[in-house]
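Given next are the chains, with one letter for each unit.
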Amino acid sequence: KAGVTQTPRYLIKTRGQQVTLSCSPISGHRSVSWYQQTPGQGLQFLFEYFSETQRNKGNFPGRFSGRQFSNSRSEMNVSTLELGDSALYLCASSLEQGRWTEAFFGQGTRLTVV
Amino acid sequence: AQSVTQLDSQVPVFEEAPVELRCNYSSSVSVYLFWYVQYPNQGLQLLLKYLSGSTLVKSINGFEAEFNKSQTSFHLRKPSVHISDTAEYFCAVKVIKAAGNKLTFGGGTRVLVKP
């Protein structure tokens, strides 16, 4: 079974541009979460989607947005990039059965803003 | 709101020596507890989880963690580390009654195993 796939793996963008990151969950998984990882702030929750609906949202500005498609694939978009948006963006998918199911993480997309 | 504190940002340890990574959490509601490991240039992998039952949980590769409710701690231990245990370790919590899978992570502890 294929794991969580994030594309692209690496990205360099210029301040002020926008960027779209993609996450393909494990087949059958309907929940997709996004996290930002930086040396200064650590791992911070961005948002979670389930069945194409945003279920949870972290404390990030409106420049960060996401969506989920009917096949559970998810994208996140960052508009008007700032230098501080440079980070590893991780996506996690889970099956949603019972009281808790494991979240499987992708390898991440490393975004560098110059 | 929940918060997770990992008291050590870096832990150097010699091969075959024991290691303990400390994790304390704060939450007004009940939470599940987790340890994740991140190898260089990789995503996170679940190492251990505490959902209920026995407060001592063990992984297949020799790690164990003990949930202590009174001290709100979930420390991770391994009696004898290998070079391959060099990685960053994250403690995390999830509110039990909250819908969804939102995890709150600690700042991470980088373990460097020296030969």
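By convention here, each chain's residues receive numbers from 1 onward along its written sequence. Here chains are named by letter from A upward and ligands by number from 1 upward, in the order in which they appear as written. Local features in this predicted model are restricted to residues whose pLDDT is 70 or higher, and side-chain atom pairs enter the listing and the counts only when it is 80 or higher, whereas totals over whole chains, interfaces and linings include all residues. The side-chain values count all of the structure's non-hydrogen atoms but skip hydrogen atoms and water molecules.

A.B. asks: Explain the overall build of chain A here, please?
C.D. replies: Secondary structure summary: chain A contains zero helices and 11 strands in total. Listed by position from the N terminus, the elements making up chain A come as β-β-β-β-β-β-β-β-β-β-β. Each principal axis of the C-alpha distribution contributes one length, and for chain A these read about 40 × 25 × 25 Å. Burial classification: accessible surface area is computed with a 1.4 Å probe over protein chains only, and a residue below 20% of its type maximum counts as buried, one above 50% as exposed, and the rest as partly exposed. Residue burial in chain A is summarised as follows: out of 114 residues, 49% are buried. Put simply, of all contacts in chain A between residues at least 6 apart along the chain, 53% involve residues at least 24 apart. Computed with a 1.4 Å probe, the accessible areas rest on the Shrake-Rupley method; for each residue, only the protein chains presented here act as cover. Surface exposure of chain A reaches about 5,500 Å², of which carbon and sulfur atoms provide 47%. Strands are runs of DSSP state E lasting at least two residues, helices are runs of H or I lasting at least four, and both sets are numbered from the N terminus onward. Here, residues are in contact when the closest pair of their heavy atoms is within 4.5 Å.

A.B. asks: Would you explain the overall build of chain B in this entry?
C.D. replies: When its secondary structure is counted, chain B shows zero helices and 12 strands. Written out in order from the N terminus, the α and β elements of chain B read β-β-β-β-β-β-β-β-β-β-β-β. Expected size for 115 residues packed as a compact globule is a radius of gyration near 13 Å; at 14 Å, chain B falls within 12% of this value. Seen through its principal axes, chain B has C-alpha atoms that stretch 45 × 30 × 25 Å. Summarising the internal contacts of chain B: among those between residues at least 6 apart in sequence, 57% fall at separations of at least 24. Just so you have it, chain B exposes about 5,700 Å², and 50% of that area is on carbon and sulfur atoms. This count recognises Lys and Arg as positive and Asp and Glu as negative, with His and chain-terminal groups excluded. Every charge is mapped onto a representative atom, which is NZ of Lys, CZ of Arg, CG of Asp or CD of Glu. Across chain B, the 11 positively charged side chains and the 8 negatively charged ones have centroids separated by 12 Å. Note on method: radius of gyration uses C-alpha positions; expected globular size equals 2.2 Å times residues raised to 0.38.

A.B. asks: Quick question: what am I supposed to make of the pattern of salt bridges here?
C.D. replies: Pairing is possible between side chains of opposite charge, provided their charged atoms come close. Definition used for salt bridges: Asp or Glu carboxyl oxygen within 4 Å of a side-chain nitrogen of Lys or Arg. According to the stated counting rule, one finds nine salt bridges over all chains in the structure shown. For the salt bridge of Arg67 of chain A with Glu75 of chain A, the shortest nitrogen-to-oxygen distance reads 3.3 Å. Taking the shortest distance from any N to any O, the salt bridge between Glu88 of chain B and Arg110 of chain B comes out at 3.1 Å. Of this pair, Glu88 of chain B sits in strand β10 (residues 87-95) while Arg110 of chain B is found in strand β12 (residues 109-114), placing the two residues 22 residues apart along the sequence. The network of salt bridges with shared partners includes Arg63, Glu82 and Asp85 of chain A.

A.B. asks: So what exactly am I meant to see when it comes to the sheet that holds strand β3 (residues 19-24) of chain A here?
C.D. replies: Residue and element names in this part refer to chain A. As summarised here, the arrangement of the four strands in space is β1-β3-β8-β7, forming an open sheet in which the pairing is antiparallel. Two strands lie at the open edges of the sheet, namely β1 (5-7) and β7 (64-68), each paired on one side alone. Taken over all neighbouring pairs, the strand axes of this sheet differ in orientation by 20° on average, direction set aside. Whether two strands pair depends on DSSP finding at least two bridges between them. In this analysis an axis means a line fitted to C-alpha atoms, helices contributing only their contacting stretch, and an angle means the value between N-to-C directions, from 0 to 180 degrees.

A.B. asks: Before we go on, may I ask you to explain the side chain of Ser31 of chain A in this structure?
C.D. replies: Within the fold, Ser31 of chain A resides in strand β4 (residues 31-38). By relative accessible area, which is 1% here, Ser31 of chain A ends up buried. N or O atoms within 3.5 Å of each other form a polar contact, as long as, within protein, one can give a hydrogen and the other can take it, and as long as residues adjacent in sequence are counted only when both atoms are side-chain atoms. Within the local environment of Ser31 of chain A, its side chain forms a polar contact with the side chain of Asn101 of chain B, the two groups lying 3.1 Å apart. Apart from residues lying up to four places away in sequence, Ser31 of chain A is in contact with Glu48, Tyr49, Phe50, Arg55, Ala92, Ser93, Ser94 and Glu96 of chain A together with Asn101 of chain B.

A.B. asks: Can you help me understand the interface of chain A and chain B in this one?
C.D. replies: Often the size quoted for an interface is simply the accessible area lost on bringing the parts together. Each side of the interface is counted separately: chain A has 22 residues, and chain B has 20 residues. The junction of chain A with chain B conceals about 1,800 Å² of combined surface from both sides, 53% of it contributed by carbon and sulfur atoms. At the boundary of chain A and chain B, one finds zero salt bridges. Where chain A meets chain B, there are seven residue pairs in polar contact (both at pLDDT 80 or more). Secondary-structure elements contributing two or more residues to the side of chain A that touches chain B are β4, β5 (42-50), β6 (53-57) and β9 (87-94) of chain A. At four residues, the largest contribution of residues to the side of chain A that touches chain B is made by β4 of chain A. When two components associate, each loses some accessible surface as probed by a 1.4 Å sphere; the sum of these losses over both components is called the buried area.

A.B. asks: It is not clear to me how the packing of aromatic side chains should be interpreted in this structure. Could you clarify?
C.D. replies: Aromatic ring pairs are defined here through the distance separating the ring centres and the angle between the ring planes. Pairing of aromatic side chains requires ring centres within 6.5 Å, counting the rings of Phe and Tyr and the six-membered ring of Trp. Pairs whose planes differ by under 30 degrees are stacked, by over 60 edge-to-face, and all others tilted. Applying the stated criterion across every chain yields a total of 13 aromatic pairs over all chains. With 6.4 Å between their ring centres and 70° between their planes, Phe105 of chain A and Phe105 of chain B make a pair best called edge-to-face. Remark: Phe105 of chain B occurs in strand β11 (residues 104-105) and Phe105 of chain A occurs in strand β10 (residues 104-105); the pair is interchain, linking two chains. Side by side, Phe105 of chain A and Phe105 of chain B carry an identical accessibility label, which is buried. Ring centres of Phe63 of chain B and Tyr89 of chain B lie 5.6 Å apart, and the angle between their planes is 45°; this geometry places the pair in the tilted category. Here the residue Phe63 of chain B occupies a position in the loop between β7 (56-58) and β8 (64-68), and Tyr89 of chain B occupies one in strand β10, the gap between them amounting to 26 residues.

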